[in-house]
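Structure assessment
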Amino acid sequence: MNEIQEMSRADARSSAPVQARGLDATGWTAKRRDFLRILGYGAGSMALGPMLAACGDSNAQTTAETLRAQLVQDEAFWTEVQKMFILDPSKTYMNIGTAGSMPKVVLDLFAEENRKKAADSGNGYSNLLAQRQQVAPGFGVDADELAFSANTSSGMCHAILGLDWQRGDVVVTTNHEHGGGDTPLKIATDRYGIEVSRIAMPVGNNQTAATYVTLFDDRIKQLKAQGKRVRAMMWSSPTYKTGTMLPIADLMTVVKAHGLISIVDGAHLPGMMAYNYGELGMDFMSGAGHKWQCGPGSTGILVIRNKIRASNPLPLPKWYPIHTSTYPALERANSATATYDVAASVTSCGSVHTPMFLALVEACAQWDKIGRKKIETYDITMASYLKEKIVERWGVDSLYSPKDDPKLLSALTSFNPFQVKTDVMDATKSNTFVARMLSDYPQHFVVRNANFSVIGAPSDHYGVRVSTHVWHDANDIDLLVNAMWDLSRKM
Ligand SMILES: Cc1ncc(COP(=O)(O)O)c(C=O)c1O
C-alpha cells in the first residue's frame, strides 16, 4: 500500500484545509504531514515545486495551483453544502452524470408528502402549475415553457415524437449522442421516414466553440447542396461520452441562419449549469431532475419554446403532445404571448406521483438558494482543476474533454488513464480500471467509463469519466488523481 492508500477518507477530509483553518499540525504523525506535503500544504510544499515542475508543463502546474486556491477560498461555505447530503462517507461518489443524490431536506419532504398522500388517499391529477411557476425563473423561462417530465429520455421522446415530421426531413446531429435522444430519432426514422446525418465528434483540447459552428454549418450546407431538406439540429450539451459542452448559444446562430428546429439533449444541464433558456432560445431542452439537480429518480425538466422571444424569432415548430391528458388542439401563434400552456400538456398525463415532483421542486429551491451560478462556477472550477492535474501527470493528449475554451467546459471530465495509450481501446481493461478505483483505494472512488468513436481510431475508446459536484472539494480531486496515477502504473 502506498501512503495515499493508508490515509482514510475521513482523515483526508479533516486535514484538507489546514492552512485555511489555521490548524496546528505539530502533533500529527509523520505520515499525515507527508500527505499534506504531497498535496502542497505547509512548508514542505515549497520543496515540492521543482519536483512537480519536472513532471510536466510548468504552466499547467501554475494553473492547477490557481484553480486549487479558488476552490478552497470558499471552503467553509461548501462544507455546509456538503453536509446537506446523506452520502455514504466510505465512498467518494463521482458519477453524478449517471445519478445524483437527494439532499436530506428533499428526502424529508418527499417522505412527508408520501405520507400525506397516503393519509388523504390523494390523487395526482394536476399539471403542477404552481410548482412550475416556482421552478421556471431559475431556468430563465415562464411556467408555460417548463414542463416536468419523467427524465431526459422521456423529454426527448416528447420533443422528437411530437414534431410533424415529413418523409425526407433531415436531422443533423453527432455520433456521440445518448440513446435517450437516439431512440426517438430511430423511431421517427422508421415511422415518418426522416433521415439522420451525423457529424463525427472531435475529442480533446484542440477544439473551440467555432469548431462546432463550422462542423454543423458545413454539414447543413453540404446536405442542402445535395437537395436535402434539413429540418432540425439535435445535439447533447454536454455529451455524456467526453463531457464536451456543445455551445448552445453558438449553435443557435447556425439554427437561426438555416431556419431549423433545435433540440438539445441537456441531461446534465439542470443543477450543473446556470443557463437562461429564454435567452438561449432553443425549441427543446430536455434535462434530468435526478442527476446534477439531485431530485428524485423519474423526474426531468423539459423546456419548450412556446412564444417568440428576441433570442429566437423563428416560427414555433408545429408540435403535438404525445403523452398527455391535456390536449387543447390549438395552433400556437407566433407571438410574444403564449397561445396555451404547452408545458401543462407534457406535465399532465393521468394521475402523476405528486410527491416526486414536489421533491424536485424542493431540490430546485435549494439550488436557487445556494445560487445556480455559484454551483456552476464551483463544479466547473473543480473539473478544470482535475483536468490540469491530469495534464500534469498524463499529458494534455490524454484528455477527451476540452479544457481551454470556456464555452466547451462541463463538470464531466473524460480521459485516457493508461500508460500504454492504446489500452484505452480494451473494454475489459477500462472496466477493470473503474472497478479497481472502487475496490483498491480507501476512498472507494465511484467513477465510470463510456465508449465512443474517435476520428481515425481503429475501434472505440473507453475513456474514464469523472463527475465533480457540490459534495466534492479540491482534496477529493487530489486523492482521486493520486489513486488514478497509482492504478495506471500498476495496470
Ligand atoms: C446525454 C444524456 N442523455 C440522456 C440520458 C438519459 O438520462 P435519463 O435517465 O434522465 O433519461 C443520459 C444519461 O446519462 C445522458 O447522459
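The coordinates are above.
What counts as what
Residues numbered from 1 in each chain as written. Predicted model: local features only at pLDDT ≥ 70, side-chain atom pairs only at ≥ 80, totals over all residues. Heavy atoms only, no water. Pairing = 2+ DSSP bridges. Helix = DSSP H or I, 4+ residues; strand = E, 2+ residues; numbered from the N terminus. Axes fitted to C-alpha atoms, helices over the stretch in contact; angles between N-to-C directions. Parallel < 35°, antiparallel > 145°, perpendicular 65-115°, else oblique. Left-handed = near helix turned anticlockwise from the far one by under 90°. Contact = heavy atoms within 4.5 Å. Nonpolar A, V, L, I, M, F, W, Y, C, P; charged D, E, K, R; others polar. Expected span 1.5 Å × (residues − 1). Buried < 20%, exposed > 50% of the residue type's maximum accessible area, 1.4 Å probe, protein only. Arc of directions from axis to C-beta. Phe/Tyr/Trp six-rings, centres within 6.5 Å; stacked < 30°, edge-to-face > 60°. Lys NZ or Arg CZ within 6 Å of the ring centre and 35° of its normal. Near = heavy atom within 4 Å. Polar contact = N/O pair within 3.5 Å; in protein donor to acceptor, adjacent residues only side chain to side chain. Salt bridge = Lys/Arg side-chain N within 4 Å of Asp/Glu carboxyl O.

**Describing the sheet that holds strand β4 (residues 195–199)**
If you trace the seven strands from one edge of the open sheet to the other, you get β2-β8-β7-β6-β5-β3-β4, paired in mixed fashion. The two strands at the open ends of the sheet, each matched to only one other strand, are β2 (146–149) and β4. On average, each strand axis in the sheet is tilted by 20° relative to the strand beside it, whichever way the strands run. In this sheet, strand β6 (residues 261–265) lies alongside strand β5 (residues 229–236) in parallel orientation, the contact comprising five bridges.

**Quick notes on the packing of helix α17 (residues 372–394) against helix α19 (residues 474–490)**
α19 packs onto α17 with a crossing angle of 30° between their chain directions and a minimal axis gap of 10 Å. Here α17 lies roughly parallel to α19, going by the angle between them. The crossing of α17 and α19 is right-handed. Contacts between α17 and α19 pair Met382, Tyr385, Leu386, Lys389, Arg393 and Trp394 from the former with Ala474, Ile477, Asp478, Leu480, Val481, Asn482, Met484, Trp485 and Ser488 from the latter. Among the residues making up the contact of α17 with α19, the classes are represented as 10 nonpolar, two polar and three charged.

**Quick notes on the sheet that holds strand β9 (residues 412–415)**
The three strands lie next to each other as β9-β12-β11, forming an open sheet whose pairing is antiparallel. Lying at the two open borders of the sheet, with one neighbouring strand each, are β9 and β11 (448–452). Across the sheet, the axes of successive neighbouring strands diverge by a mean angle of 35°, strand direction being ignored. Of the strand pairs in this sheet, β11 and strand β12 (residues 461–467) are connected by five bridges, and their pairing is antiparallel. Of the residues in β12, the one forming a bridge with Ala450 is Gly463.

**A few points about helix α8 (residues 104–120)**
Taking 1.5 Å per residue as the helical rise, α8 with its 17 residues ought to reach 24 Å, and the 24 Å between its terminal C-alpha atoms agrees with that figure. For α8, the complete set of buried residues consists of Val106, Phe110, Glu113 and Lys117. Each buried residue of α8 sits inside an arc of 70° when the element is viewed along its axis, so together they form one side. What points out from α8, more than 90 degrees from its buried face, is the exposed set Arg115, Ala118 and Ala119.

**With respect to the environment of Ser101**
In this fold, Ser101 is placed in the loop between β1 (92–93) and α8. In this structure, the C-alpha to C-alpha distance between Ser101 and Gly297, residues 196 residues apart in sequence, is 9.4 Å. Sequence-distant contacts of Ser101, that is, excluding residues within four places in its chain, are made with Phe85, Leu87, Cys294 and Trp471.

**Some details on the pairing of strand β3 (residues 169–174)**
Most of β3 sits out of view: six of its six residues are buried. On β3, burial covers both faces: Asp169, Val171 and Thr173 on one face and Val170, Val172 and Thr174 on the other are all buried. Note that β3 and β5 share four bridges and pair parallel. Looking across to β5, one finds that Val170 is bridged to Val230. The pairing of β3 with β4 spans five bridges and is parallel.

**Observations regarding the packing of aromatic side chains**
Considering all chains together, one arrives at 12 aromatic pairs under this definition. Seen in terms of ring centroids, Phe284 and Trp319 are 6.3 Å apart; in terms of plane orientation they differ by 50°. Their pairing is tilted. One end of the pair, Phe284, is in strand β7 (residues 284–288); the other, Trp319, is in the loop between β8 (300–304) and α15 (342–347), and 35 residues separate them in sequence. For the pair shown, Phe284 and Trp319 are each scored as buried. Seen from their ring centres, Phe418 and Phe433 are 5.7 Å apart, and the 75° between their planes marks the pair as edge-to-face. Taken together, the positions of Phe418 in the loop between β9 and α18 (427–439) and Phe433 in helix α18 put the pair 15 residues apart, joining distant regions of the chain. In textbook terms, an aromatic cluster arises when at least three aromatic residues are bridged by ring pairs, as seen for Phe77, Trp78 and Tyr378. Of note, Lys374 hangs over the ring of Phe77, and the distance from its end group to the ring centre comes to 4.2 Å.

**Here we look at the site of the ligand**
Surrounding the ligand, one finds Gly97, Asn151, Thr152, Ser153, His178, Tyr240, Asp265, Ala267, His268, Ala288, His290 and Lys291. Within the contact set of the ligand, an oxygen atom lies 2.8 Å away from a side-chain nitrogen or oxygen of Thr152. Contacts to the ligand include Ser153, whose side-chain N or O atom sits 2.6 Å from an oxygen atom. Considered class by class, the residues forming the shell around the ligand number three nonpolar, seven polar and two charged.

**Let's talk about the pattern of salt bridges**
What the rule picks out here adds up to 29 salt bridges. A salt bridge links Lys186 to Asp190, with the nearest nitrogen and oxygen atoms 3.1 Å apart. Here Asp190 and Lys186 lie together in helix α11 (residues 179–192), a separation of four residues that amounts to about one turn. Here Lys186 falls in the partly exposed class, since its relative accessible area comes to 47%. According to the relative accessible area criterion, Asp190 is exposed, its value standing at 56%. Measuring nitrogen to oxygen at the nearest pair gives 2.7 Å for the salt bridge that ties Lys490 to Asp486. Of the two residues, Lys490 and Asp486 both sit in helix α19, four residues apart, roughly one turn of that helix.

**Describing the packing of α18 against α19**
Where α18 contacts α19, the two axes come as close as 10 Å, and the packing angle between them is 130°. In this view, α18 runs oblique relative to α19, as classed from their interaxial angle. When the axes of α18 and α19 are compared, the crossing they make is right-handed. Residues Phe433, Arg436 and Met437 of α18 lie in contact with α19, whose contacting residues are Leu480, Ala483, Met484, Leu487, Ser488 and Lys490. Residues of the contact of α18 with α19, tallied by class, amount to six nonpolar, one polar and two charged.

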